[in-house]
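Read off the chains here:
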Amino acid sequence: MAEITLRINGSAETLDVQPQVSLLDALREHLGLTGTKKGCDQGACGACTVLADGERINSCLALAMQYEGREITTIEGLDHPLQEAFVRADGLQCGYCTSGQICSAVGMLAEHKEGAPSAATEDLEAAEEELSDEEIRERMSGNLCRCGAYNGIVSAIKEVA
Ligand code: FES
Ligand code: FES
């Protein structure tokens, strides 16, 4: 066991964890922050997406110990227009993927704002231009939705972008 201190949603949280404990399990099992979901536990679905210093990461693939000193934001600590936009645009059905979708979209919008291109970006010089549906779908392709709420998800992101 090792004692670590994580910065979660603006607060310092000290916990005892085994070195192999993922950030996802630290959030859910040790801190009771169950808004972050476990889908595949192997980096394939995006349900566990959280923000680390504003960048989206799959928390199931991250060791909790590696994130000491980083600012972790989960859906519980997020206050972003995307949350209401998802409701307005019907961007969810069962809701299991939703916290990951929203955290991922927040990180994605920041990446886009910084001019980071995606595999769908044709003109690298214009990477910071308005997000097309194709761009949004490509940039959000790490977040799966088994309910198929993709049209609503794209609409919500477009509205906020
Ligand atoms: S639970 Fe982490 S990517 Fe699926
Ligand atoms: S809303 Fe059910 S998995 Fe996406």
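What counts as what
Residues numbered from 1 in each chain as written. Chains lettered and ligands numbered in written order. Predicted model: local features only at pLDDT ≥ 70, side-chain atom pairs only at ≥ 80, totals over all residues. Heavy atoms only, no water. Core = buried A, V, L, I, M, F, W, Y, C linked by side-chain atoms within 4.5 Å. Buried < 20%, exposed > 50% of the residue type's maximum accessible area, 1.4 Å probe, protein only. Helix = DSSP H or I, 4+ residues; strand = E, 2+ residues; numbered from the N terminus. Contact = heavy atoms within 4.5 Å. Axes fitted to C-alpha atoms, helices over the stretch in contact; angles between N-to-C directions. Parallel < 35°, antiparallel > 145°, perpendicular 65-115°, else oblique. Left-handed = near helix turned anticlockwise from the far one by under 90°. Nonpolar A, V, L, I, M, F, W, Y, C, P; charged D, E, K, R; others polar. Salt bridge = Lys/Arg side-chain N within 4 Å of Asp/Glu carboxyl O.

Caption draft 1: Structural context of the nonpolar core. L78, L82, F86 and I157 are the most contacted members of the largest nonpolar core, which totals 22 residues. Elements with a minimum of two residues in this core: α2 (81–88), α3 (98–113) and α5 (150–160). Top contributing element to this core by residue count: α3, with six residues. Discounting chain neighbours no more than four positions away, the residues touching F86 are G91, L92, T98, Q101, I102, I153, A156 and I157. One finds L15, A26, L33 and A64 within the second-largest nonpolar core, a separate group that totals 17 residues.

Caption draft 2: Focus on the packing of α2 against α3. Where α2 contacts α3, the two axes come as close as 10 Å, and the packing angle between them is 125°. On the basis of the axis angle, α2 is oblique to α3. Once α2 is placed against α3, the crossing between them reads as right-handed. Here L82, Q83 and F86 of α2 come into contact with α3, specifically with T98, Q101, I102, A105, V106 and L109. Of the residues belonging to the contact of α2 with α3, the class tally is six nonpolar, three polar and no charged.

Caption draft 3: Local environment of the pattern of salt bridges. Here the structure, examined in full by the defined rule, presents nine salt bridges. Two residues, E84 and R88, come together in a salt bridge whose shortest N-O distance is 3.9 Å. Linking E84 with R88, this pair stays in helix α2, spanning four residues, or about one helical turn. Taking the relative accessible area as the measure of exposure, E84 reaches 56% and is therefore exposed. Across the salt bridge formed by D133 and K158, the nearest N and O atoms sit 2.6 Å from each other. With D133 in helix α4 (residues 133–139) and K158 in helix α5, the pair connects residues that are 25 residues apart, well separated along the chain. Given the relative accessible area of 34%, D133 is considered partly exposed. On the basis of relative accessible area, K158 is assigned to the partly exposed category, the value being 40%. Members of the salt-bridge network, linked through shared partners, are D25, K38 and D41.

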